[in-house]
Amino acid sequence: MPARRLSIVLAEDSLLLREGLASILDRAGHEVRDTVGDADTLLAVVRKEPPDVVITDVRMPPGHSDEGLRAAAAIRAELPGIGILVLSQYVADAYLSSLLETTTGGIGYLLKDRVGHVTEFLASLDRVADGGTVVDPEVVRQLLARRRDDGPLAALTPRELEVLALMAEGRVNASIAEQLVVSEAAVRKHVGNIFAKLQLDDGRDRRVSAVLTYLRG
Amino acid sequence: MERPNTAWTALSSKRYLVSSWPWRSYAYLLSSVPVGLLTITLLVGAAALCALLSPILIGILLMASVPLVGVAIGVVERWRVRLVVPAGVPSPHAAIPGGYTRRARITFRRRERASMRALGYGVLLGLFIWPLSALFGGLSAMVLGITVATPVIASFEEVGMGPWILDTTSEGIIFLVAFGPPWYIVSSYIVGALAAAEAELAKAMLGPREEELRRNVAELRRSRLDLVDAFETERVRIERHLHDGVQQRLVGLTMTLGLAELDLPEGEGRRLVVKAHGEAEAALADLREAVRGIHPRVLVDHGLEAAVREVADRSPLPVSVRMSLPQRFPTPIEAAAYFVVSEALGNVAKHAQASRCEVEGWVSGDKLVVTITDDGVGGASLEGTSGTGLTGLVTRLDALGGTLDLSSPPGGPTRLRMECPCRLDD
């Protein structure tokens, strides 16, 4: 059973995936309040009665382009309290950038394959609902390949970059320590160094800021 | 021996008199008589019909379709002129664009200037050309015929030839030998020159003018562009088809398998389901890769720069991307540029032994310029096995009016430069 029962609006134009997702969420004890097939209906439903989390596909009718992303941006602007989890078929970070342009926290971008790893998917969903940022490991891997020589991340050591990448996936220190096979204290030290090198203030959610710095390059 | 290809070169040839050219010239001149008579009958008939019916609307409508008679005359005359212009005269008419109804096709033809020109030629043919041809060709043929027949005729009755009277076969033979050859020589040149002049006129009036040739070239370019455009549209359609069909189904499959894993107890069954799940994910990854090679979605949604950044990110060596593109470009142009970068980066990774690579893109005047530079070993060429993908792209760029240049001295650096007009029409 999940930490808490979330009320969810699901936007996905493929009936097959809509039902698959709904059954996974159902089993996990969440309430799938509405399922919709296009961005306009999504906005209407969310405005009428805001849910805890919106899960949306990127590509939806009528244009089959990035309607889902635009709807997500609109929801974020109007109702910042709602967590948004975007499901996508694209690794390209151009989609991610447009999602992260205006927002901090409570946001996720996952490849659709990830849904099949049910436990991890549900954990990501909880993180988004709690205001965390979750980015698909595949996308993170690609981003990691890019930012080597310039930008604010140049000051970080390879190990610190690794830690930051795992933070971007939405992991907590314990999970990062487990992944890298080091102690949690060592991870805390790395995280502290990252915050210092990126010159992040104490007051804000530094974890989110660090991830955003990372993702924006 | 080389065959002369116009009547004029045939005339200046030493072998003119023993070639088939004099006879071709006769055939050309004499065949103009029936064609000319038919033409003038048709034209006068059409004019009369129009005049007769002009009080009612149909006469005026008929008048508009008279140029079509010109089209028919042109067809017959271009065929006939092959007698003295073996290479033939190309048709000046434009290709009728596809998808026209019968009515629209007729309208298209009768409005062409070439049709009016052919009609004008028809009038000349009907009024002047055939009488002139008949006079010279007919007269000279008749004299030649009688000369040849003189020995036979003279054996039956007296033949008066100017001051002479021939009344025996032998006198006839003497006349034939004395008068025949000179007459054949003189008349052959006269008839040949006349046929050549008429053929020249037909060529000028029934052949394509320069602007018509230019227009045909423009049409070809247009249809090639249409083809490239259709090709790209089709790729976008295939991509969408894969995305909405197979990809969704595979994702659905991974979800179902994921749920099954949760329910199954540890054991062989669960191990197999986990394996199946992994295979389904691998298939999905492969499919994603294939779709990217067909037409990457990010190119449609976010344009060239985002798509190039993505392909650069996937490259095993560090690639820096510097692009300043103020606007989006038509789909076939973006696609061509994207695939040039994608192919080039693939080649750099495979063959160049480079440590880094740089992709730049900018607009210069009305051209999109993209360069890919690496610090590898050089010695690359657009031909050969390493560049097969690029050779296909050269063809594609060519249709868009663009170029691809490669500079790759041994030892490097290698620089590939693509230039392409920013717009599809010109």
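None of these values were measured; they are calculated from a predicted model.

1. Here's the deal with the overall build of chain A
Scanning chain A from N- to C-terminus turns up 10 helices and six strands. Burial analysis of chain A (217 residues in total) assigns 44% to the buried set. In chain A, the share of contacts with a sequence separation of at least 24, taken over all contacts with a separation of at least 6, comes to 64%.

2. Side note on the nonpolar core
Residue and element names in this part refer to chain B. With 103 residues, the main nonpolar core has Ala-336, Ala-337, Val-340 and Val-341 as its most contacted residues. Examining the composition of this core, we find that 12 residues originate from one element, helix α11 (residues 331-352), more than from any other. Beyond its immediate sequence surroundings of up to four residues, Ala-337 is in contact with Leu-304, Leu-368, Val-370, Met-418 and Cys-420. Within the second largest apolar cluster, 26 residues are counted, among which are Trp-21, Val-89, Tyr-121 and Ala-196.

3. Focus on the environment of Ala129(A)
Examined against the element boundaries, Ala129(A) turns out to sit in helix α5 (residues 118-129). Expressed as a C-alpha distance, the spacing of Ala129(A) and Gly108(A), which sit 21 residues apart in the sequence, is 9.6 Å.

4. Points about the environment of Val44(B)
Counting through the fold element by element, Val44(B) comes out in helix α2 (residues 21-53). For the pair Val44(B) and Val123(B), spaced 79 residues apart in sequence, the C-alpha to C-alpha distance is 9.7 Å.

5. Here we look at the sheet that holds strand β5 (residues 107-111) of chain A
Residue and element names in this part refer to chain A. Within the open sheet, the six strands sit side by side as β2-β1-β3-β4-β5-β6. Their pairing is parallel. Only two strands of the sheet have a single neighbouring strand rather than two, namely β2 (31-36) and β6 (133-135). In this sheet, adjacent strand axes meet at a mean angle of 20° when their direction is disregarded. Of the pairings in the sheet, the one linking strand β1 (residues 7-11) to strand β3 (residues 53-57) comprises four bridges and is parallel in character. Considered in β3, the bridge of Ala-11 is made with Thr-56. The sheet strands contacting helix α1 (residues 15-27) are β1, β2 and β3, and the helix crosses β2 at an angle near 170°. Running over the sheet, helix α2 (residues 39-48) touches β1, β2 and β3 and is turned about 160° from β1.

6. What to know about the interface of chain A and chain B
Taken together, the 22 residues of chain A in the interface contact 27 residues of chain B. Listed by contribution, the elements that provide at least two residues to the side of chain A that touches chain B are α1 and α6 (137-146) of chain A. It is α1(A) that contributes the most residues to the side of chain A that touches chain B, four residues altogether. A per-class count over the side of chain A that touches chain B returns nine nonpolar, eight polar and five charged.

7. Quick notes on unusual backbone geometry
Apart from glycine, the bulk of residues carry a negative phi angle, and the bulk of peptide bonds sit in the trans form. Residue and element names in this part refer to chain A. Between Pro-61 and Pro-62 the backbone carries a cis peptide bond, its omega angle lying at 5°. Locating Pro-62 in the fold gives a position in the loop between β3 and α3 (67-78). Unlike most non-glycine residues, Val-181 shows phi in positive territory, near 55°. By the secondary structure assignment, Val-181 is in the loop between α8 (173-180) and α9 (184-197).

8. A short note on the packing of α2(B) against helix α4 (residues 67-80) of chain B
All names here are of chain B. Running from amino to carboxyl end, α2 crosses α4 at an angle of 180°, the nearest separation of the two axes being 11 Å. Considering their axes alone, α2 and α4 lie roughly antiparallel with respect to each other. Contacts between α2 and α4 pair Ser-31, Val-35, Thr-39, Leu-42, Leu-43 and Ala-46 from the former with Val-69, Ile-73, Val-76 and Arg-80 from the latter. Counted by class, the contact of α2 with α4 contains seven nonpolar, two polar and one charged residues.

9. Quick word on the sheet that holds strand β3 (residues 319-324) of chain B
All names here are of chain B. The five strands lie next to each other as β3-β4-β5-β7-β6, forming an open sheet whose pairing is mixed. The sheet terminates laterally at β3 and β6 (403-407), the two strands that pair on one side only. Adjacent strand axes in the sheet meet at a mean angle of 10° when their direction is disregarded. Sheet topology places β3 next to strand β4 (residues 357-364); six bridges connect them, and they run parallel. Each bridged residue has a counterpart across the sheet, and for Ser-320 the counterpart in β4 is Glu-358. Its contacts with the sheet put helix α10 (residues 297-314) on β3 and β4, and the angle it makes with β3 is roughly 175°. α11 contacts β3, β4, β5 (367-374), β6 and β7 (414-421) of the sheet and is inclined by roughly 10° relative to β5.

10. Remarks on the packing of α8(A) against α9(A)
Residues and elements named next belong to chain A. The N-to-C vectors of α8 and α9 enclose an angle of 110°; their axes lie 8 Å apart at closest approach. One element, α8, and the other, α9, form an angle in the roughly perpendicular class. Between α8 and α9, the contacting residues are Asn-173, Ala-174, Ile-176 and Ala-177 on the first element and Glu-184, Val-187, Arg-188 and Val-191 on the second. Residues that form the contact of α8 with α9 fall into these classes: five nonpolar, one polar and two charged.

What counts and what doesn't
- Residues numbered from 1 in each chain as written.
- Chains lettered and ligands numbered in written order.
- Predicted model: local features only at pLDDT ≥ 70, side-chain atom pairs only at ≥ 80, totals over all residues.
- Helix = DSSP H or I, 4+ residues; strand = E, 2+ residues; numbered from the N terminus.
- Buried ≥ 20, exposed ≤ 12 C-beta atoms within 10 Å, placed from the backbone.
- Contact = placed C-beta atoms within 7 Å.
- Core = buried A, V, L, I, M, F, W, Y, C linked by C-beta atoms within 7 Å.
- Pairing = 2+ DSSP bridges.
- Axes fitted to C-alpha atoms, helices over the stretch in contact; angles between N-to-C directions.
- Nonpolar A, V, L, I, M, F, W, Y, C, P; charged D, E, K, R; others polar.
- Parallel < 35°, antiparallel > 145°, perpendicular 65-115°, else oblique.

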